[in-house]
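Commentary on secondary and tertiary structure
Listed here are the chains, written in short residue letters.
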Amino acid sequence: MSAPPIGPMTARLWALLLALSIIWGGSFFFMAVALRGFPPFTIVLARVALAAITLALACRILGLRLPATRQAWIACAGMGLLNNAIPFTLIVLGQQHIPSGLAAVVNAATPVFAVLAAHWLTADEKLKPNRLLGTLLGLAGVAILAGPASFGRGAAGEALGIALCLGACLSYGISGVWSRRVKRAGLAPLPAAAGQCLASSLLMLPLALGFDRPWALPTPPMEAVAALLALGLLATALAYALFYAILAGAGATNTMLVTLLVPVTALLLGWLVLDEALAPRHLAGMAVIGLGLLAIDGRLLRRVFTPG
């Protein structure tokens, strides 16, 4: 596959990436709360359906056309499957076995799969030394954040939860390559996000109806309802509008850097909102992740090693 040229990571793109990481850092917390009142397939369906409605309304208000061609809907359907339906389902199933913080840490493996998928399946995002070094540094920082206890021998349920979240990482990584079809279809960020969420809603509908039977569920607690609304409106509708804006300017591999920042923002949100203490390893992990992001960006390394 080939795609239009990819520009450098500008200050604006870094700001959008940080905003996206904050939103998605909170999504793991929202999913954990939503699980108190809803089963997994229903959570995913409600999340993407709310986002689809919100994004479609935004497109109408702004005068933007929804996807209309066969090429555009194929692109959106692939993204709906690989970037919504599969990973959202695997993560929420995984969070039935592991804490939301550990799920966010595991999710940081996504850039590894994204870099490898882009290397093997694209012509212009080949594996370069700085990207390999940056990804390895980022994952090392995530490992420091998690601490040795998270990677020791645990119960079978924990191993299953980690495996499910790693499956989501693989799906996200492949979706980064598929997202090039969205760019080739000429879709603007909001219509692309709306089409993706509509496609994933159609994919999740039979699963939710067949397995969860949502009409027979007991009345959920209000905090679960609020968490579900936050997942749909913030962590999906707003998040994917930002995601496609970053993708248009930075390419698939750089966009996946958000998953290295998510564990950091998740810890910071816990510290600020829940009064959770930051251990020294958290600060060390954040520093190593920062070095990884600088290595992937490449500009600092070029300034250091370029004569004159």
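To keep things clear, this report deals only with the structure shown in the data block. Computed from a predicted model, the values in this text were never measured in an experiment.

Some thoughts on the overall build of the chain
Check the secondary structure of the chain and you find 13 helices and zero strands. Taken from N to C terminus, the helices and strands of the chain fall in the order α-α-α-α-α-α-α-α-α-α-α-α-α. The buried share of the chain, reckoned over its 308 residues, is 50%. Pairs at least 24 apart in sequence give 90% of the contacts found in the chain among residues at least 6 apart. Summing over all exposed atoms, the chain offers an accessible surface of approximately 14,000 Å²; the carbon and sulfur share of this is 72%.

Considering the environment of T89
Within the secondary structure, T89 is located in helix α3 (residues 70–94). The spacing of T89 and F41 is 48 residues in sequence and 6.7 Å in space, taken between C-alpha atoms. When residues no more than four places from it in sequence are discounted, the contact partners of T89 are F41, V44, N84 and M204. One polar contact links the side chain of T89 to the main-chain carbonyl oxygen of A85, over a distance of 2.7 Å.

Details of the nonpolar core
Ranked by size, the top nonpolar core spans 79 residues in total, and within it L20, W24, L231, Y240, F243 and Y244 carry the most contacts. Take this core: its biggest share by element is 17 residues, from helix α10 (residues 222–255). Residues contacting L231, with those up to four places away along its chain left out, are S27, F30, M31, A34, I43, R47 and T236.

With respect to unusual backbone geometry
With phi around 45 degrees, R213 is a residue other than glycine that occupies positive phi space. Looking at the element boundaries, R213 is found in the loop between α9 (189–212) and α10. Using a relative accessible area of 43% as the deciding quantity, one classes R213 as partly exposed.

Focus: a nonpolar patch on the surface
Residues I53, L57, I61, L62 and L64 make up a contiguous nonpolar surface patch of roughly 530 Å² in combined accessible area. Its relative accessible area of 54% is what places I53 among the exposed residues.

Observations concerning the packing of aromatic side chains
Applying the stated criterion to the full structure yields six aromatic pairs. With a centroid separation of 5.4 Å and an interplanar angle of 70 degrees, the aromatic rings of W24 and Y240 are classed as edge-to-face. In this pair, W24 sits in helix α1 (residues 11–34) while Y240 sits in helix α10, placing the two residues 216 residues apart along the sequence. Taking relative accessible area as the criterion, Y240 reaches 0% and is therefore assigned buried.

As for the side chain of D212
Inspection of the secondary structure puts D212 in helix α9. A polar atom in the side chain of D212 sits 2.7 Å from the backbone nitrogen of T42. Contacts of D212, omitting those with residues within four sequence positions, involve P39, P40, F41, T42, L207 and L217.

Side note on the state of the cysteines
The tally for this structure, following the rule as stated, stands at zero disulfides. With no disulfide of its own, C169 lies 7.2 Å from the sulfur of C165, the closest cysteine sulfur. Accessibility expressed as a relative area gives 0% for C169, which makes it buried. Not engaged in a disulfide, the cysteine C197 finds its nearest cysteine sulfur in C76; these two sulfurs lie 9.5 Å apart.

Quick notes on helix α4 (residues 100–107)
Of all eight residues that make up α4, six are buried, and the element is covered over most of its length. Residues of α4 that are buried include every one of L102, A103, A104, V105, V106 and N107, and no others.

Considering the environment of L35
Within the element layout of this structure, L35 appears in the loop between α1 and α2 (40–62). When its relative accessible area of 22% is taken as the criterion, L35 is described as partly exposed. Leave out the neighbours within four places in its chain, and L35 touches P40, I43, V92, Q95 and Q96.

Description of the packing of α2 against α9
Here α2 crosses α9 at 150 degrees, and the two axes come no closer than 7 Å. Judged by the angle between their axes, α2 and α9 are roughly antiparallel. For α2 against α9, the interelement crossing comes out left-handed. Of the residues in the contact of α2 with α9, the class split is 24 nonpolar, three polar and one charged.

What counts, and where the lines are drawn
- Residues numbered from 1 in each chain as written.
- Predicted model: local features only at pLDDT ≥ 70, side-chain atom pairs only at ≥ 80, totals over all residues.
- Heavy atoms only, no water.
- Helix = DSSP H or I, 4+ residues; strand = E, 2+ residues; numbered from the N terminus.
- Buried < 20%, exposed > 50% of the residue type's maximum accessible area, 1.4 Å probe, protein only.
- Contact = heavy atoms within 4.5 Å.
- Areas by Shrake-Rupley, 256 points an atom, 1.4 Å probe, with all protein chains shown as cover.
- Polar contact = N/O pair within 3.5 Å; in protein donor to acceptor, adjacent residues only side chain to side chain.
- Core = buried A, V, L, I, M, F, W, Y, C linked by side-chain atoms within 4.5 Å.
- Patch = residues over 30% accessible without salt bridge, like charges linked within 9 Å, V, L, I, M, F, W, Y side chains within 5 Å.
- Salt bridge = Lys/Arg side-chain N within 4 Å of Asp/Glu carboxyl O.
- Phe/Tyr/Trp six-rings, centres within 6.5 Å; stacked < 30°, edge-to-face > 60°.
- Disulfide = S-S within 2.5 Å.
- Axes fitted to C-alpha atoms, helices over the stretch in contact; angles between N-to-C directions.
- Parallel < 35°, antiparallel > 145°, perpendicular 65-115°, else oblique.
- Left-handed = near helix turned anticlockwise from the far one by under 90°.
- Nonpolar A, V, L, I, M, F, W, Y, C, P; charged D, E, K, R; others polar.

Take it as geometry only, folks, not as evidence of what the structure does.
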